[in-house]
Amino acid sequence: MARSGMLKVACVMVVCMLVAAPAAEAITCGQVASGVSYCINYLRSGGALPPACCNGIKGLNNAARTTPDRQTVCSCLISASRNLRINYGIAAGLPGKCGVNIPYKISPTTDCSRVR
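Residues numbered from 1 in each chain as written. Predicted model: local features only at pLDDT ≥ 70, side-chain atom pairs only at ≥ 80, totals over all residues. Heavy atoms only, no water.

### Details of helix H2 (residues 29-36)
Phase 1 of the analysis: Within the sequence span of H2, burial applies to Val32, Gly35 and Val36. Relative to the axis of H2, the buried residues are bounded by an arc of 85° and lie together on one face.
Phase 2 of the analysis: Tucked into the core, H2 has its buried residues touching helix H3 (40-45), helix H4 (51-63) and helix H5 (67-84). (Buried < 20%, exposed > 50% of the residue type's maximum accessible area, 1.4 Å probe, protein only. Helix = DSSP H or I, 4+ residues; strand = E, 2+ residues; numbered from the N terminus. Arc of directions from axis to C-beta. Contact = heavy atoms within 4.5 Å.)

Here it is as structure tokens:
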């Protein structure tokens, strides 16, 4: 009987731990903006690629592990690119210059809902 009671207590504890465990936080556009902030001048006019820019790009790529995160990063990048008036030719080559492979092109015509 005591054994059954202990099993019930253990099960309740496991359920409580699962319920109380924090969910993984989703990426925000603020994080995306912060990650690419050192890239803005480069994306507008080219020139020397700041190492901090690639660090930000790599950090975003590492953080975007799920499809929803990748879609969010895509949407935030496309939205920001429209507001910042960047050179899309330069933007298309940026991930490769930073040694990162992303599953979409940074372009105003990119459909981020199709990013996987």
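### A word on H5
Phase 1 of the analysis: Helix length check: H5 (18 residues) gives 25 Å between terminal C-alpha atoms against 26 Å at 1.5 Å per residue, within 8%.
Phase 2 of the analysis: Among all positions in H5, only Asp69, Val73, Cys74, Cys76, Leu77, Ile78 and Ser81 are buried.
Phase 3 of the analysis: At its buried positions, H5 is contacted by H2, H4 and helix H6 (88-97).
Phase 4 of the analysis: Backbone geometry just downstream of H5 places Arg85 in the positive-phi region, at approximately 55°. (Expected span 1.5 Å × (residues − 1).)

### Quick look at unusual backbone geometry
Phase 1 of the analysis: Look at Arg85: it is not a glycine, yet its phi comes out positive at around 55°.
Phase 2 of the analysis: Topologically, Arg85 is positioned in the loop between H5 and H6.
Phase 3 of the analysis: Among the residues examined, Arg85 registers a relative accessible area of 70% and is labelled exposed.

### What to know about the state of the cysteines
Phase 1 of the analysis: One pass over the structure, following the stated rule, counts four disulfides.
Phase 2 of the analysis: Disulfide pairing is shown between Cys29 and Cys76; the S-S distance is 1.9 Å. The sign of the S-S torsion, about -80°, decides the handedness of the disulfide formed by Cys29 and Cys76: left-handed. Linking Cys29 in helix H2 with Cys76 in helix H5, this pair joins segments that are 47 residues apart in sequence.
Phase 3 of the analysis: By relative accessible area, Cys29 is classed as partly exposed at 46%.
Phase 4 of the analysis: With its sulfur 2.0 Å from that of its partner, Cys74 forms a disulfide with Cys112. Because the sign of the S-S torsion sets the handedness, a value of about -70° for the bond joining Cys74 and Cys112 places this disulfide among the left-handed ones. In this pair, Cys74 is assigned in helix H5 and Cys112 in the segment after H6, connecting sequence segments 38 residues apart. You'll find Cys74 and Cys112 in the same group, each marked buried.
Phase 5 of the analysis: Disulfide partners in the chain, listed by the sequence order of the bonded cysteines, are 1-6, 2-3, 4-7, 5-8. (Disulfide = S-S within 2.5 Å.)

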